[in-house]
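Observations on the three-dimensional arrangement
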Amino acid sequence: MSRKRTNGNPRGSAEKTNNEENLRDSAGREIKTVGNPIWESGNTYVAARGEKSPKEITNFVMRPVNGIQSDNAYLMDIEFTMASGQVFESQLDSSVFAGAQAFKKAIKKIGGIDMVFSGTEDDLANIQKYMTNKYRDYNHCLGINYVGLYQMDGEWVYVGTDGAIDRKGKPIDSVVSILEDNEALRSGISESAMIKKSELQEISGDLFRFNTFERTVNILGWVGACFLKERLRQRKIKLSHLVIAGGAGSGKSETLEKIIQPIFGLQGSGIGCSGITKFSTLKSTSSTNLLPVIFEEYKPHKLSKIELDLISGTLRSTYDYQTSQRGRADQSVVNYLRRSPICLVGESSFDETAIKERIIDVQFAKSDRTTEHTKSYRNLSKHELRLNGLGKALLMLVMNMPDDAVDGLIQKSRVFERMDFETRTILGISNVYLGILLIKELYESFGLDFWEEAGISDKLVQESIINNTYNSLDGSSKVNSAVDLIIQTFDVMALKNRIRKDYDYTINESTGELCLRLNLIYDEFTKYIREFNVSDVEVLGIRQFTRQLRRETYWLDYGLRNFKERDNNSNDVNIRQRCYVLDLKKLNENLSLEAFACEIDAEEDSGFMKIDNDQEELPFD
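Computed from a predicted model, the values in this text were never measured in an experiment.

Some words on the overall build of the chain
Of regular secondary structure, the chain possesses 20 helices and 29 strands. In terms of C-alpha radius of gyration, the chain reaches 33 Å, well past the compact-globule figure of 25 Å for 621 residues. In the chain, which comprises 621 residues, the share counted as buried stands at 51%. Contacts spanning at least 24 positions in sequence make up 68% of the contacts within the chain whose residues lie at least 6 apart. When the accessible surface of the chain is totalled, it reaches about 29800 Å², and 44% of it is carbon and sulfur.

A word on the sheet that holds strand β6 (residues 45-49)
With respect to topology, 3 strands assemble into an open sheet ordered β5-β6-β7, the strand pairing being antiparallel. Each edge of the sheet is formed by a strand with only one pairing partner; in this case those strands are β5 (38-40) and β7 (52-56). Averaged over all neighbouring strand pairs, the angle between strand axes comes to 30°, with direction disregarded. Sitting on the sheet, helix α3 (residues 121-134) touches β5 and β6, and the angle it makes with β5 is about 60°.

Thoughts on the pairing of strand β17 (residues 241-246)
Summarising burial for β17: 6 of the 6 residues are buried, a large majority. Of the two faces of β17, the one lined by His241, Val243 and Ala245 and the one lined by Leu242, Ile244 and Gly246 are each fully buried. Across 6 bridges, the pairing between β17 and strand β23 (residues 359-364) is parallel. Within the sheet, the bridge partner assigned to Val243 lies in β23 and is Asp361. One ladder, built from 4 bridges, connects β17 with strand β22 (residues 342-346); its direction is parallel. Looking at β22, one finds that Ala245 is bridged to Gly346.

Quick notes on the environment of Ser367
Examined against the element boundaries, Ser367 turns out to sit in the loop between β23 and α11 (371-381). A sequence separation of 152 residues divides Ser367 from Arg215, and the C-alpha atoms of the two residues are 14 Å apart.

Re the pattern of salt bridges
For the structure on display, the rule yields 28 salt bridges. Among the salt bridges present, the one from Glu40 reaches Lys134, with a minimum N-O distance of 3.0 Å. Placement of the pair is Glu40 in strand β5 and Lys134 in helix α3, with a sequence separation of 94 residues. In this structure, Arg358 engages Asp320 in a salt bridge whose closest nitrogen and oxygen atoms are separated by 3.2 Å. Highlighted residues: Arg358 in the loop between α10 (353-356) and β23 and Asp320 in the loop between α9 (305-319) and β20 (323-327), separated in sequence by 38 residues. Asp320 matches Arg358 in its accessibility class, with the two residues each being buried. If you follow the salt bridges from partner to partner, you end up with Arg231, Arg235, Asp403 and Asp407 in one network.

With respect to the packing of aromatic side chains
Considering all chains together, one arrives at 23 aromatic pairs under this definition. Judged by centre distance (5.0 Å) and plane angle (65°), the rings of Tyr443 and Phe450 are edge-to-face. Exposure class is identical for Tyr443 and Phe450. Each is buried. Judged by centre distance (6.0 Å) and plane angle (75°), the ring pair of Phe490 and Phe545 falls under edge-to-face. Pair noted here: Phe490 is in helix α17 (residues 482-495) and Phe545 is in helix α19 (residues 542-549), with a separation of 55 residues, a long-range link. Each member of the pair, Phe490 together with Phe545, is buried. Aromatic ring contacts, followed pair by pair, group Phe60, Phe80, Phe88, Phe97, Phe103 and Phe117 into a single cluster. One Lys or Arg, Arg215, reaches over the ring of Phe364 and ends 5.5 Å from the middle of that ring.

Re the side chain of Thr58
Mapping Thr58 onto the fold places it in the loop between β7 and β8 (60-69). From its side chain, Thr58 meets the backbone nitrogen of Tyr45 in a polar contact 3.0 Å long. A polar contact is formed between the side chain of Thr58 and the backbone oxygen of Phe60, at a distance of 2.6 Å. When residues no more than four places from it in sequence are discounted, the contact partners of Thr58 are Thr44, Tyr45, Val116, Phe117 and Ile127.

Quick notes on the rules
- Residues numbered from 1 in each chain as written.
- Predicted model: local features only at pLDDT ≥ 70, side-chain atom pairs only at ≥ 80, totals over all residues.
- Heavy atoms only, no water.
- Helix = DSSP H or I, 4+ residues; strand = E, 2+ residues; numbered from the N terminus.
- Rg over C-alpha atoms; globule rule 2.2 N^0.38 Å.
- Buried < 20%, exposed > 50% of the residue type's maximum accessible area, 1.4 Å probe, protein only.
- Contact = heavy atoms within 4.5 Å.
- Areas by Shrake-Rupley, 256 points an atom, 1.4 Å probe, with all protein chains shown as cover.
- Pairing = 2+ DSSP bridges.
- Axes fitted to C-alpha atoms, helices over the stretch in contact; angles between N-to-C directions.
- Salt bridge = Lys/Arg side-chain N within 4 Å of Asp/Glu carboxyl O.
- Phe/Tyr/Trp six-rings, centres within 6.5 Å; stacked < 30°, edge-to-face > 60°.
- Lys NZ or Arg CZ within 6 Å of the ring centre and 35° of its normal.
- Polar contact = N/O pair within 3.5 Å; in protein donor to acceptor, adjacent residues only side chain to side chain.

Right under this line is the structure:
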């Protein structure tokens, strides 16, 4: 029994098939398929079998849409049309066409038992030849494994999960994202309409008033800087992450959902901190260089140590643009560049030194929200499309900004370099100010005065950035080191009598010394950390701690001092022991202490007297 072709011509043999074939490409050129025993009939592939009747070997046909060259593979976007008429598109690794078994496994993953291939290796090869001849004009493009900005032929393009646009906002098909489906990075920013001048003026009065200026300036400044992140990376400039912390009802989640996410056009939800895995954070933070990866529900007391360490490590490695590697089953290695901005939202922030230096820490409080703030927030939340358009406008501005203009903005943002902050802290707040300057550039491109329209001033912006930084550092200009945090823990232990005055430590206000018997204190310290599950203090080994302690400004000496000790009869005896001696005044200038606090100028008798022999001390009985 012979089968009919889709054009009604009978097919009896391979020779007849080849003579009657009259396919044409999109330009109208005739396509010859001499020697190929494959043809289409009723949305199926049919294979000639010599003198035998032709055999239907699939219940679908394929049309290549995109051939995508990526770093690790050559991928194909293929449109499948089922015999039933159903049409859908799927992406396959071209290696599945290497063998019949691999191809069968691939289509089972796509369509299950609804898709059938009963041909041989030769049949599969002939199907490929047939597709190549029939659809020789299909699109060939570059595939990148992330979304965001990409520089191609000297110009910037934006590549999203749903397509790419050039610097004029027009769709292009020369580059696509091969990122797997990621709900957290689903964005409609490329399809959004750019905000108009009148629309920008409409939201300007509320843009920086949905909370206190210390919060809104830092949040919107960071958001603006995210659009420049890839261009900063090219200049080896690092961008701090944003941490929004506060109690229930303080407005942090509403700010994320109604202000931050709409500007980026983000349509999905964030990643919950509970239950995260190493691979999920690796994939997410390497999958975008513009859209922020959002971690939600950061509640340290409800997270395991593994989860806390993973979050902490992710913040550090992503800030530093580190490359992580994972092996495959075929023994090949895949590299993941940690390139994304991160926004973390939760009840608590971080005290870990390495993290403090790498974040913009914005603390929310319910008591600070005023009626004016609530009104502005509600006005902005009603205009989600305006915020979408604001994000699209910032994107187009950055894509069209020449390198010298970017360099000029960066130079203008360096107004905090003479301040007494750590280098990383200065870089972080400079980038926040850079984001504000980018928004200012957008206003000026519309012929608007940014300060006037937003109702703020340059001085107010800088003061808001500085004040928020001081607040996040507990009123200091320095980030507490790991040694600082450990000594603060010693102080808490002393208040709780976990370490004993005169036995484990002594305070001599007349000489301004704090003397620590670390060989006794440190074992109790590590036990205390485990017992109370203290997660924000890095536990250094005692040798590493003493090495770092000697480099602190408050370090004085390692020498003999007087302590008390219980004898076998439970009586106190005075002994001389080697200990670590710290400068009380400098210690209290750097840290907030209670048990180790002192009044350096106090005139009262300390109970100690000085003797001339190496300044040794003897207590009165």
